[in-house]
Amino acid sequence: MHWPHKHLLSVSQLTVEEIRHVFELAARFAEINTRPVKKTPTLKGKSVLLFFAEASTRTKTSFDIAAKRFSADTFSLAAQGSSLQKGENLKDTALTLQAMHPDLLVIRHSLSGAAKFLADRLECCVLNAGDGWHAHPTQALLDGYTLYEHWGEAFQDKTLLILGDIAHSRVARSDVELFSKLGLTIRVCGPKTLLPPNLASWPVSVYSDLREACQGVNAIQCLRLQLERQKSGFLPSLREYAMTFGLSPEHLRKAAPGVRVMHPGPMNRGVEIASELADSPSSLILDQVSAGVAVRMALLYLFLTRTD
Amino acid sequence: MPPSDMIVRGALWEGEPVDLAVSDGRISRFEAAGALAGETASEIIQAEGLVLLPGLIDCHVHLREPGQEYKEDITSGLQAAAAGGFQRVMAMANTVPVNDSASVTRFMLQRSRESHPEGPLLSPVGALTVGLQGHVLAPMHELKQAGCAAMSNDGQPVDNSDLFRRALEYSSDLGLRVIDHCEDSALAGNGVMNEGSMSNTLGLPGQPTLAEAVQVSRDILLAAHLDIPVHLAHISCRESVELLAWAKGKGVPVTAETCPHYLLWDEGRVQGYDSLAKVNPPLRTRDDVQALLQALREGIIDILATDHAPHAGHEKEVPFAEAPNGISGLDTALSLTWSLVEDGQLTEADLVRLWCSGPADIFGFDAPRLAPGQPASLVLFDPGIVWRVSAETMHSKGKNTPCFGQELRGRVRSNFLAGRLIYQEK
């Protein structure tokens, strides 16, 4: 398949065929992760810069592993310890990175639009690993791939519930884009203070009651509650949130048989998700982590072998 | 009769060609075109096809001097004003230091006289509270004596309604109008654009129209209760228009302005995280634009102002949320609003009211009028010229406008203040 994209900034730029192509490639590459020698020379000589201006464990590590599986060289740059901390602006950081001639840059940044800001100024490929509340396309792709591993192509008749802090979540935005493209029915549930304004323009139905929201769903994406939301007045208390919107095994009883639970991590056990649920057979949370490596291998392959 | 100093021939006044003569800085004759055909003067301007307008007044600019001369200074700001057809600008107090004392006011006036002795005129706006901090009233008598033409806390909204009431009462003794930047800080929160479907898509914190409208309603109620006039700056949304309509229907002494950018562009301009479209209050929706245009036609919003807010290029070239608010407006305001006349949204008479007589009436300046005996304060505007907004064509140091790089129609050819040429297009 010809890969027309130079950058990956949001799911909205991808067609359904391209999304499926990523899944198929990921499925093929996942096998490499189970070999005794987990390395191929596919991307040897390519330089991948991991620029994480915001904290990350799984996204950064899985990009790093994915690149190394294909023998690409990776270089890490964190905001802490970089010139950003000394007050260098993002444009100058971008130009400095450009001068080091990377082939691909992975960026995580706390400000929406930061990935596009770099893509507009760099000659290399830019992969958005999360920008503010805007987008986290590789997370959405790995969420989609996780369900694809379980369901195969049968997305059309499935219903997904996204639960929690939708307003401040780049994962929610990217998931809604991806799963609506794939034909799923999407529900969102959370207190109104954590739902975005103008939800009418989104292809979702909105629930304020978690029990109702769970009825008949095939999968639930449970979002991390940023604990500072309580301090900034969006919630009365974490206790009340856990009691009202925390996902527990009993919620799954009215869901469709075989319902699966996902969480992009890191979890607050006992807040947005009951601990026993996270560890139950319904949970795909660790499958998501493995899927993350395979999907990022597919993306690095597509972006680093593309020709104009 | 001695020969005139200047004769302008064939300029269009409300669509009709006219001739006018100027002597000793005043209009000596103003007649149908051809009436002065045989007359001679030291200077004769063939102005066929040019539109004649009285000099414009902008009651809301940020000239950045003292303190932030890298963004703009009084010299460059007044140059942009002259090129934009303006003859008087009112400079807001959020300089560094803040204009909350006679020494800053006098400094600004001195700089304007040094750099533009012939004009445009500068009328400083004094801070309403010391340091714009919203705690203590600024010394308004001192500021008025030094030359301030109004009082405002623009840029730092006054949340304390009791203090704002005292400010209205105190300033009314001086006959100086208070200009209020209507924004409820808590409701505005950390919003960097209009709250709505676009902010949702872009993942940017939104600022609801409510943040403006709540303060508009407060100000209207205070003005009604105290019977003291208040002027509301940069109105941007339909709710505010509806509140103003109610207030005017009741005879509340409230006046209001909006800006060219709220009429020309909507929140869609932010797409792609274009920080040149970042301004406070933020660009709103199509529906708000329609409400503002109708309010201007009906007199619900009284006047136009640029809220000229120049910034250095590097300040805007950062991720959207980090970029400062503001659009550089003096260079493009007349061209942009003239395009609304061409589109049939406003009339030429509306523009004269909104840019000239309206602001003069509200802030107590002599209204510029084109009639015999009046000062020859006039602008010749060429509606046919197409020009590109660029670093070369803009006179302001701030190139931060969403129309940067675009072609606009219509440009000022010359600007005469009391018969003296203060700008001539090259």
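Just so we're clear, the structure is a prediction, and the values are computed from it rather than from any experiment.

A. A look at the overall build of chain A. Assigned secondary structure in chain A consists of 11 helices and nine strands. Its C-alpha atoms give chain A a radius of gyration of 19 Å, within 12% of the compact-globule value 19 Å for 308 residues. The dimensions of chain A, computed from C-alpha atoms along their principal axes, are 55 × 45 × 35 Å. Across the 308 residues in chain A, those meeting the buried criterion constitute 48%. Taking as baseline every contact in chain A between residues at least 6 positions apart, the subset at least 24 positions apart corresponds to 76%.

B. How the structure looks around the overall build of chain B. A tally of regular secondary structure across chain B gives 13 helices and 18 strands. Radius of gyration (C-alpha) of chain B: 21 Å, near the 22 Å computed for a compact globule of 426 residues. Counting only C-alpha atoms, chain B reaches 65 × 45 × 45 Å along its principal axes. Buried positions account for 58% of the 426 residues belonging to chain B. Here the analysis covers contacts within chain B between residues at least 6 apart in sequence; of these, 74% occur between residues at least 24 apart.

C. Main features of the sheet that holds strand β3 (residues 104-109) of chain A. All names here are of chain A. Pairing is parallel across the open sheet formed by four strands, whose spatial order is β2-β1-β3-β4. For this open sheet the edge positions go to β2 (73-78) and β4 (125-131), each flanked by a neighbour on one side alone. Along the sheet, successive strands turn relative to each other by an average axial angle of 15°, direction set aside. Bridge analysis of strand β1 (residues 47-52) against β2 gives six bridges, and the strand direction is parallel. Pairing of L49 across the sheet is with F75, part of β2.

D. Just the interface of chain A and chain B, in detail. Contact with chain A, which involves 19 residues of that partner, is made by 15 residues of chain B. Here the side of chain A that touches chain B takes three residues from helix α4 (residues 114-119) of chain A, the largest share from any one element.

E. Spatial organisation of the nonpolar core. Ranked by internal contacts, the top residues of the largest apolar core, which has 234 residues, are L105(A), V106(A), L300(A) and L52(B). Inspection of this core shows a minimum of three residues originating in each of domain 1 (11-135 + 289-304) and domain 2 (137-285) of chain A. If we ignore the near neighbours within four places in the chain, the residues touching L52(B) are A11(B), L12(B), W13(B), V18(B), L370(B), L378(B) and L380(B).

F. Structural view of the environment of N400(B). Looking at the element boundaries, N400(B) is found in the loop between β16 (378-388) and β17 (407-417). Contact partners of N400(B), with chain neighbours within four places excluded, come to L276(B), P310(B), H311(B), K316(B), G326(B), I327(B) and S328(B).

G. How the structure looks around the confidence of the model for chain B. When pLDDT is averaged along chain B, the result is 97; 100% of the residues meet or exceed 70. Across the assembled chains, the prediction reports ipTM 0.92 with pTM 0.95.

H. Quick peek at the domain arrangement of chain A. Residues and elements named next belong to chain A. Assigned domains of chain A: these are domain 1 (11-135 + 289-304) and domain 2 (137-285). The C-alpha centroid of domain 2 is placed 25 Å from the C-alpha centroid of domain 1. Listing elements by their share of the side of domain 1 that touches domain 2, those giving two or more residues are α1 (16-30), β4 and α11 (285-304). Take the side of domain 1 that touches domain 2: its biggest share by element is six residues, from α11. Counted by class, the side of domain 1 that touches domain 2 contains 14 nonpolar, seven polar and three charged residues.

I. Highlighting the pairing of β4(A). All names here are of chain A. Here β4 lies mainly inside the structure; seven of its seven residues are buried. Relative to β4, β3 runs parallel, the two being bridged by five bridges. Considered in β4, the bridge of I107 is made with N128. In terms of handedness, the path from β3 via α4 over to β4 forms a crossover that is right-handed.

J. Spatial organisation of helix α2 (residues 58-69) of chain A. All names here are of chain A. Taking 1.5 Å per residue as the helical rise, α2 with its 12 residues ought to reach 16 Å, and the 16 Å between its terminal C-alpha atoms agrees with that figure. Looking only at α2, the buried set comprises T59, K60, S62, F63, A66, A67 and R69. Remark: S71 follows α2 within two positions and exhibits a positive phi of approximately 70°.

K. Summary view of the sheet that holds strand β10 (residues 178-180) of chain B. Residues and elements named next belong to chain B. Within the open sheet, the eight strands sit side by side as β6-β7-β8-β9-β10-β13-β14-β15. Their pairing is parallel. At either end of the open sheet lies a strand with only one pairing partner, and these are β6 (56-61) and β15 (303-304). Across two bridges, strand β14 (residues 254-258) lies against β15 in parallel orientation. Across the sheet, T258 pairs through a bridge with L304, a residue of β15.

Parameters at a glance
- Residues numbered from 1 in each chain as written.
- Chains lettered and ligands numbered in written order.
- Predicted model: local features only at pLDDT ≥ 70, side-chain atom pairs only at ≥ 80, totals over all residues.
- Helix = DSSP H or I, 4+ residues; strand = E, 2+ residues; numbered from the N terminus.
- Rg over C-alpha atoms; globule rule 2.2 N^0.38 Å.
- Buried ≥ 20, exposed ≤ 12 C-beta atoms within 10 Å, placed from the backbone.
- Contact = placed C-beta atoms within 7 Å.
- Pairing = 2+ DSSP bridges.
- Axes fitted to C-alpha atoms, helices over the stretch in contact; angles between N-to-C directions.
- Core = buried A, V, L, I, M, F, W, Y, C linked by C-beta atoms within 7 Å.
- Domains from an automatic or database assignment.
- pLDDT = per-residue confidence, 0-100.
- Nonpolar A, V, L, I, M, F, W, Y, C, P; charged D, E, K, R; others polar.
- Right-handed = clockwise from strand over helix to strand, strands pointing away.
- Expected span 1.5 Å × (residues − 1).

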